[in-house]
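Fold and geometry: a report
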Amino acid sequence: MDAPLPTGDRPTVTVCRGCCCGTTKKRPGVDHAARLDALRTMLGDRATLRVTDCLGPCERSDVVVVSPSREARRSGARPVWLGRLNGRHETSAIADWVGAGGPGVADLPESLRRSPFRPTPDAVVL
């Protein structure tokens, strides 16, 4: 078994859990806690998982930001903002993408191609 990568040498997945994202008030019928637990398990040591308060673009809930590894960032990769992640398969698609290297290393999976967006100026910068 490979040793886990040091924190800065792996992608970071930031999951919004603020006023809208991850709430049954906005998205009833979605088990947000189970999805977060599944993502944590699927990512394992391949990425750093952060859960944060509101990132800003509430109209696109649920929002996840996948930030590249340090090496990929040096090569020009930038964080990818994903929105409207309310389907059943996005968790595994994100984990698979990150497992393949994430932004700047691996292509965004087809199932996530409708999710990326540019954050507004008032969004939290990662």
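For the structure, check the block above.
Residues numbered from 1 in each chain as written. Predicted model: local features only at pLDDT ≥ 70, side-chain atom pairs only at ≥ 80, totals over all residues. Heavy atoms only, no water.

**Brief notes about empty space enclosed by the protein**
- A full pass over the atoms with the stated rule returns two cavities of 30 Å³ or more.
- In this structure, the largest cavity encloses a volume near 160 Å³.
- Lining the largest cavity are 13 residues, with Arg17, Arg35, Val64, Leu85 and Thr91 sitting closest to its centre.
- Sorting the residues of the lining of the largest cavity by element identifies α1 (32–43) and α3 (90–99) as the ones contributing at least two each.
- Ranked by residues supplied to the lining of the largest cavity, first place goes to α1 with four residues.
- Looking at side-chain class alone, the lining of the largest cavity contains six nonpolar, three polar and four charged residues.
- Taken as a whole, the second largest cavity spans an internal volume of roughly 40 Å³.
- In terms of lining, the second largest cavity is formed by Cys16, Gly18, Cys19, Cys20, Cys21, Cys54, Leu55, Gly56, Pro57, Cys58 and Val63.
- Residue composition of the lining of the second largest cavity, grouped by class: nine nonpolar, two polar and no charged. (1 Å grid on protein atoms, 1.4 Å probe; cavity = no way out; pocket = protein on both sides within 12 Å on 5 of 7 lines; lining within 4 Å. Points joined across faces, edges and corners; volume = space filled by probe spheres on them. Helix = DSSP H or I, 4+ residues; strand = E, 2+ residues; numbered from the N terminus. Nonpolar A, V, L, I, M, F, W, Y, C, P; charged D, E, K, R; others polar.)

**Focus: the sheet that holds strand β5 (residues 116–117)**
- As summarised here, the arrangement of the five strands in space is β2-β1-β3-β4-β5, forming an open sheet in which the pairing is mixed. Each of the sheet's edge strands pairs with one partner strand only, and the pair in question is β2 (48–52) and β5.
- By the bridge criterion, five bridges tie strand β1 (residues 12–16) to β2 in an arrangement that is parallel. What sits directly across from Thr14, in β2, is Arg50.
- The sheet strands contacting α1 are β1 and β2, and the helix crosses β2 at an angle near 160 degrees. (Pairing = 2+ DSSP bridges. Contact = heavy atoms within 4.5 Å. Axes fitted to C-alpha atoms, helices over the stretch in contact; angles between N-to-C directions.)

**Focus: α3**
- α3 sits mainly inside the fold: seven of its 10 residues count as buried.
- Looking only at α3, the buried set comprises Glu90, Thr91, Ala93, Ile94, Ala95, Trp97 and Val98.
- Buried residues along α3 sit in contact with β1, α1, β3 (64–67) and β4 (80–82).
- Of the residues trailing α3, Gly101 is marked for its positive phi of about 125 degrees. (Buried < 20%, exposed > 50% of the residue type's maximum accessible area, 1.4 Å probe, protein only.)

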